[in-house]
Amino acid sequence: MTERKRGRENVSRQTMSEQDPLERIANFYEVPYGYSEDQAVREAMRCFQCKEPKCMTGCPVKVNIPWFTRLIAEGKFVDAAKKIKESNPLPAVCGRVCRQEDQCEKFCLRGKKAQPVSIGALERFVADYEREGGDVSIPDIPKWTGKKVAVIGSGPAGLAAAGDLIRRGHKVTIFEALHVSGGVLMYGIPEFRLPKKIVEAEIDYLKRMGVEIVLNAVIGKINTVDELLSDGYDAVFIGTGAGLPIFLNIPGENLVGVYSANEYLTRVNLMRAYRFPEYDTPVLRGRKVVVVGGGNTAMDSARTARRLCPEEVTVVYRRSVDEMPARAEEVRHGREEGVQFLFLAAPTRFIGDREGRLKAMEFVRMELSEPDETGRRRPLPITGSEFQRDVDVAIIAIGNDVNPLIRETTTDIQTNRYANIMVEPDTAMTSKKGVYAGGDIVRGGSTVILAMGDGRKAGKAIHEYLTGEKK
Ligand SMILES: Cc1cc2nc3c(=O)[nH]c(=O)nc-3n(C[C@H](O)[C@H](O)[C@H](O)COP(=O)(O)OP(=O)(O)OC[C@H]3O[C@@H](n4cnc5c(N)ncnc54)[C@H](O)[C@@H]3O)c2cc1C
């Protein structure tokens, strides 16, 4: 057996060291530190280099995983980063926030008998290595095809579509409603999980390839999809996400101190409310904070609240820990940071004081029914089990709907009953000629990598449409 093969057999999965929980609840710096060079090489050596790599089947953007792990094992870190970027323009982001445990790593052959190769941590390592070394080179862009594409929304779906299209020689302009680009990556996911300078660097990479970004441009208000098409754009990609918060619709929801997770996280992440008054936007820190929900957004809100509120932060979820959709790592980090959990309970009303400020919440205990045809156990309220708790800040993180603006101003685009844009699955094409869509606007609340996969799929289909390569 060669030295390398022996290494593959013996090395155990490398773990990233992390900021101490007691220290990190007093700051917003990133929690895991990332691999050292030595750790990255060791981890990459664990890859079996399968001839038919199953891991790639679990990657929505089809990164050539064995190829880039081999380059890392050989110490060619910058080459590895370049290899990933052929299919994924945001590797430092995906290395941090993708659910690798449910995607590429789930199919890793090594995972059958031991722990899978830590593909996400390796992706993060090479992207950071390349960026920090200032060694980011821009790929050759083909001569302009003469075609122009408008991309609406600069979240992962829009950025991936833009990256794909610019690499094929089309002019791309992204129109973004907010004053910064990045979508949820900038306004939703907190700094301690995804430092904003990393998102900015990955967006800068696209700009250096030639992608134009127009900020503060709300399509549907400044101009419509039809106007973009008649103003010289040959195709349009819609990646406007699902940013409209869903509320509980229970009494007292408009009391001072009740936030949607979107508002809370935007205030803290985008507007830097944790540095008020240095920054203009305030946020209530609270003494007893409740976060309602069980997904990543709930965990992000709770861990953010924990950094602002030294006393008590509780996640209230109507099912049990086993049904929580949040990543296990987020729940572990939350627990380490002192976030508390109240399972099988749901809010029934918010209670205010005379000034209209939240002072308490009422909950009802829940039990889980037998699994239905989808295999999911539905939570049912237990009659007479209501109880109250003192609460001065509540954050509602139970999901988002899509913003109706595009649908209302582009009536010939077909949507489903949840107002999601309907697309042809293989091409991301909508019912309107030359218009494509992907990400959360199509799927509802989903994931970064699925949004990017949609963007890339649309990029390919738009290219074929524009060049007549395929009818
Ligand atoms: C708090 C939070 C944490 C999350 N954590 C994770 C995680 O850890 N891992 C993971 O994989 N996924 C996570 N997700 C889900 C993931 O972020 C989304 O699935 C993903 O961002 C969807 O990408 P998108 O491009 O479709 O939309 P978005 O990221 O929502 O971007 C849409 C963009 O379009 C812009 N826009 C909207 N309307 C218009 C308009 N009319 N004109 C111009 N621009 C417009 C918006 O301002 C926004 O910038 C999280 C989501 C949230 C909210």
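Just so it is clear, the structure is predicted and the values come from calculations on it, not from any experiment. (Residues numbered from 1 in each chain as written. Predicted model: local features only at pLDDT ≥ 70, side-chain atom pairs only at ≥ 80, totals over all residues. Heavy atoms only, no water.)

### Some words on the environment of C55
Structurally, C55 is set in helix α4 (residues 54-57). For C55, a relative accessible area of 10% corresponds to the buried category. As for C55 and Q100, which are separated by 45 residues in sequence, their C-alpha atoms are 9.8 Å apart. When neighbours within four sequence positions are excluded, C55 is seen to be in contact with I65, P66, C104, F107 and I119. (Helix = DSSP H or I, 4+ residues; strand = E, 2+ residues; numbered from the N terminus. Buried < 20%, exposed > 50% of the residue type's maximum accessible area, 1.4 Å probe, protein only. Contact = heavy atoms within 4.5 Å.)

### Digging into the pattern of salt bridges
Summed over all chains, the structure comprises 36 salt bridges. The closest approach of N and O atoms between R24 and E336, which form a salt bridge, is 2.7 Å. Remark: E336 occurs in helix α15 (residues 328-336) and R24 occurs in helix α2 (residues 21-24); sequence separation between them is 312 residues. Residue R24 is classed as buried on the basis of its relative accessible area of 0%. Close ionic contact of K288 with E312 constitutes a salt bridge, the shortest N to O distance being 3.4 Å. Residue K288 is located in strand β7 (residues 288-292), and its partner E312 is located in strand β8 (residues 312-317); the two are separated by 24 residues in the primary sequence. (Salt bridge = Lys/Arg side-chain N within 4 Å of Asp/Glu carboxyl O.)

### Observations concerning the sheet that holds strand β6 (residues 258-260)
A sheet is described by the order of its strands in space; here 5 strands give the open sequence β6-β14-β7-β8-β9, paired in parallel fashion. Strands at the two margins of the open sheet, each flanked by one partner only, are β6 and β9 (340-343). Averaged over neighbouring strand pairs, the angle between their axes works out to 20° when direction is ignored. Sheet topology places β7 next to β8; 5 bridges connect them, and they run parallel. Paired with V291 across the bridge in β8 is V315. The sheet contacts of helix α13 (residues 261-270) involve β6 and β14 (393-396), and relative to β6 the element is tilted by about 85°. On top of the sheet, helix α14 (residues 296-308) reaches β7, β8, β9 and β14; it is set at about 170° to β8, its chief contact. (Pairing = 2+ DSSP bridges. Axes fitted to C-alpha atoms, helices over the stretch in contact; angles between N-to-C directions.)

### A word on the sheet that holds strand β4 (residues 235-238)
Taken together, the 5 strands give an open sheet; going across it, the order is β3-β2-β1-β4-β16, and neighbouring strands pair in parallel fashion. At either end of the open sheet lies a strand with only one pairing partner, and these are β3 (212-214) and β16 (435-437). Between one strand and the next, the sheet's axes are offset by a mean angle of 20°, whatever the strand orientation. The pairing of strand β1 (residues 148-152) with β4 spans 4 bridges and is classified as parallel. From the neighbouring strand, A150 faces β4, where its bridge partner is V236. Strand contacts of helix α9 (residues 156-167): β1, β2 (171-175) and β4, with the helix running at about 165° to β2, the strand carrying the most contacts.

### A look at unusual backbone geometry
Cis peptide bonds are those with omega within 30 degrees of zero, and the linkage from F276 to P277 qualifies with 10°. Positionally, P277 belongs in the loop between α13 and β7. Positive phi outside glycine occurs at K62, with the angle close to 55°. Tracing the sequence through the fold places K62 in the loop between α4 and α5 (65-73). By relative accessible area, which is 45% here, K62 ends up partly exposed. In this structure, A428 takes a positive phi of about 65° despite not being glycine. Relative to the helices and strands, A428 is located in the loop between α16 (405-409) and β16.

### A word on the site of the ligand
Close to the ligand lie 32 residues; V97, E176, R193, I219 and D440 are nearest. In the model, an oxygen atom of the ligand is placed 3.5 Å from a nitrogen or oxygen of the G183 main chain. Look at the ligand: alone it shows 1,000 Å² of surface, and the protein chains cover 94% of it. Residues of the shell around the ligand, tallied by class, amount to 15 nonpolar, 13 polar and 4 charged. (Near = heavy atom within 4 Å. Polar contact = N/O pair within 3.5 Å; in protein donor to acceptor, adjacent residues only side chain to side chain. Areas by Shrake-Rupley, 256 points an atom, 1.4 Å probe, with all protein chains shown as cover. Nonpolar A, V, L, I, M, F, W, Y, C, P; charged D, E, K, R; others polar.)

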